Each structure stands twice: as structure tokens, then as C-alpha cells.
Amino acid sequence: MEKLRYLKIDAFIAGESNGNPAACIYLEKDQILSESDMQNIAKEHKGFVSEVIYCAMVDSSSCNLRYYSSECEVDFCGHGTIACMYHLLKTDEQLKQLPEIKINTKKGSLVVYNELQSLDAVFITAPNPEYLSVTVAAEEISENLGVAKDVLNKQYPINFINAGLRTLIVPISNLDNILALNPDEETLKAFCITNEIDIILVFTTDVTNENNKIRTRVFAPKFGYLEDVATGSGNSAMGYYMLKHNLWNREPISIEQNGEKNAYNVVKLKMSEGKVLFGGSASMKIEGTYFLNTSDK
């Protein structure tokens, strides 16, 4: 058996919310996992966390990150990055002194900003956005979400933006309607796979707390679960959407996310050098050792 350092960490917690859980495995310098090992570990976590994050330090100020859901490898996972890096910067005596560190992902090299002292948060530079063509009609989207077409808010356009994940952004008329969404997972999964959609983000400007800019929910059946309750990549795409349509003045904002009216998670957005940064805090819930069976290697 090979021993791996293992933590379960909840990201984007706020108030009464439970955050979004991630399993983080921190590898020693001499530990290398195969892709099949990483996928098998993630499969074991189906229903417990949405993604497993593998973190390996490269040097004193940079690390490599890989992300796996129970279904497949994920190019980028915002909440997993927040969970992993918040804990690392909070607990490593050398890293906590650094104002920023670099992470290497399948979406390129990104910067993590240490704002633990001022905001009890870490911020991550979102991957550069790609503005994709919307090839599905509003009627088809509403049908697969399981709602009437008039639940969609015609005041704002439907967009397709990749800021880490290919995100279909759909405006919803009000808070009650967004909270009532309960699409069929298999129906929505087939729709997403057919149209090469990673996640569907629905949003409304109708919020529970007026200090927050918008309410979002994110559906991710492609990755083996219906809803992602707090997301970095999805809300980063939403940030670029708001910039595109003049809905954000570039000052720091907070986004409330999930299907709970009052116990929502909070994702923070801000701008730096023309790029969207997403941020938040996290809470460690489980710390221990994962025992990897090496008998077949």
C-alpha cells in the first residue's frame, strides 16, 4: 500500500452554507500517480465530492494541479483550486509568506494571490476566456432544463463562454424560478454531451442579499453529478459575460450560489490587469491518509 496525504476541504463557505467539497491529495516529490490511479480514486468519491484534486509542488513557489471527477479528467476546477490552495497557503509556513504562487494546469499557468491576512481568502486568475457560438435555441435549452420558455429572462442574451470550462450562460427571470429549477440529470447530461457543453450556469439579478451582485446555479451532469454548488470557472465565465454586456463596473463583487435561498455559498470576483480573478475561503473537514493499492503495479 502506498500512503497519500489526504484532505477533504469545503470551498466558498459563507455564513450558514456548507460550501463545495473537494478531496485534495498532496503528493510528495517522489510520488507519481498514473492517470488510471487518479481516475480510480475519483470514482471512489462519487457522491462524496464532485472532484478530486492532485497537487504536486514543483519548487518553492509553484505546483502542478490535476482534477478528476468520477467520470473523467476535468481541465480546470475552480472550487477545487480554492480548497487546495487556501489550505496550502494557510498551513505551510514558507508559502504563507508569499504574496502569490503559480499553479500549472491543463488550462495553462495561473497565479494564486494570497489575501489571507486582509480578506481570509485566496484569489485565482481565471483562464483566458473564449467566446463561443451558441448553437442551441432557447426553446431547446428551457426544455432540457425542465421549465417553460418564459422562465428565461429575455432581457439578457444566452452566451457560451469558456473560462476554464465550456459554460452555457442562461438568464432566469427571478429568484423563485431559479431556486425551483430541478432538471432531470440524465436528460441534461445527454443535452450537454451532444452540444459539447461542460456546464450550464443559470443566473438572475434577483438576489437574497442585496450586497451580492447576482444569484447563480451551475449544472454539471457531464461530470457525474447534477449540480455544482459553488464554482470558480463558471462564475469567472459569468464575470466575462457581465463585462461584455456592461453589467459590472469592475469593482469587487460577491456572487451567491446554490439552490438554497438563505444558506448560499459566496464566490468573490475582482479584476486585475484586465483579467477576472475568482476567490473565496475554505474549511478543512477531514484530514488523514489514503491507502493506494499498489499490488497491480
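Right, let's walk through the structure included here. (Residues numbered from 1 in each chain as written. Predicted model: local features only at pLDDT ≥ 70, side-chain atom pairs only at ≥ 80, totals over all residues. Heavy atoms only, no water.)

1. Examining the pattern of salt bridges
A side chain of one charge can pair with a side chain of the opposite charge when the charged atoms of the two come close. Evaluated as defined, the whole model comprises twelve salt bridges. Of the charged contacts in the structure, one is a salt bridge between Lys 149 and Glu 139, with a shortest N-O distance of 2.7 Å. Within this pair, whereas Lys 149 is found in the loop between helix 4 (138–145) and strand 10 (159–162), its partner Glu 139 is found in helix 4, the two being separated by ten residues in sequence. On the basis of relative accessibility, which here comes to 36%, the residue Lys 149 falls in the partly exposed class. Asp 198 is the salt-bridge partner of Lys 222, the closest N and O atoms lying 2.5 Å from each other. Residue Lys 222 is found in the loop between strand 13 (214–219) and strand 14 (227–228), and its partner Asp 198 is found in the loop between helix 6 (185–194) and strand 12 (199–204); the two are separated by 24 residues along the sequence. Residue Asp 198 is classed as buried on the basis of its relative accessible area, which comes to 9%. Members of the salt-bridge network, linked through shared partners, are Glu 35, Arg 66, Glu 73 and Lys 106. (Salt bridge = Lys/Arg side-chain N within 4 Å of Asp/Glu carboxyl O. Helix = DSSP H or I, 4+ residues; strand = E, 2+ residues; numbered from the N terminus. Buried < 20%, exposed > 50% of the residue type's maximum accessible area, 1.4 Å probe, protein only.)

2. Some words on the nonpolar core
Membership of the largest hydrophobic core comes to 60 residues, with the highest contact counts inside it found for Leu 65, Met 85, Met 242 and Phe 278. Sort the elements by how many residues they give to this core and helix 2 (residues 78–91) lands first, with seven residues. Setting aside anything within four residues of it in sequence, one finds Met 242 in contact with Lys 213, Ile 214, Leu 247, Trp 248, Ile 253, Ile 255 and Leu 269. Counting residues in hydrophobic clusters, the runner-up holds 22 residues, among them Ile 172, Leu 179, Leu 188 and Ile 197. (Core = buried A, V, L, I, M, F, W, Y, C linked by side-chain atoms within 4.5 Å. Contact = heavy atoms within 4.5 Å.)

3. Looking at the pairing of strand 2 (residues 20–27)
Within a regular strand, side chains alternate between the sheet's two faces. Across the eight residues of strand 2, eight count as buried, placing the element largely inside the fold. By the alternation rule, side chains of strand 2 split into Asn 20, Ala 22, Cys 24 and Tyr 26 and Pro 21, Ala 23, Ile 25 and Leu 27, which are all buried. Looking at chain direction, strand 1 (residues 2–11) and strand 2 are connected through seven bridges and run antiparallel. Bridge pairing in strand 2 links Arg 5 to Tyr 26. Read as a crossover between parallel neighbours, the route from strand 2 over helix 1 (residues 35–44) to strand 3 (residues 51–59) is right-handed. (Pairing = 2+ DSSP bridges. Right-handed = clockwise from strand over helix to strand, strands pointing away.)

4. A short note on helix 6
Of the residues making up helix 6, those classed as buried are Leu 188, Lys 189, Phe 191 and Cys 192. The arc that holds the buried residues of helix 6, viewed along the axis, is 165°, so those residues lie on one side. Pointing more than 90 degrees away from the buried face of helix 6 are the exposed residues Glu 186 and Thr 194. Of the residues flanking the start of helix 6, the one acting as N-cap is Asp 184, its side-chain oxygen 3.4 Å from the backbone nitrogen of Glu 186. Downstream of helix 6 by a residue or two, Glu 196 has a phi angle that is positive, lying close to 55°. (Arc of directions from axis to C-beta. Polar contact = N/O pair within 3.5 Å; in protein donor to acceptor, adjacent residues only side chain to side chain.)

Keep in mind that these numbers describe shape and distance, not what the molecule does.
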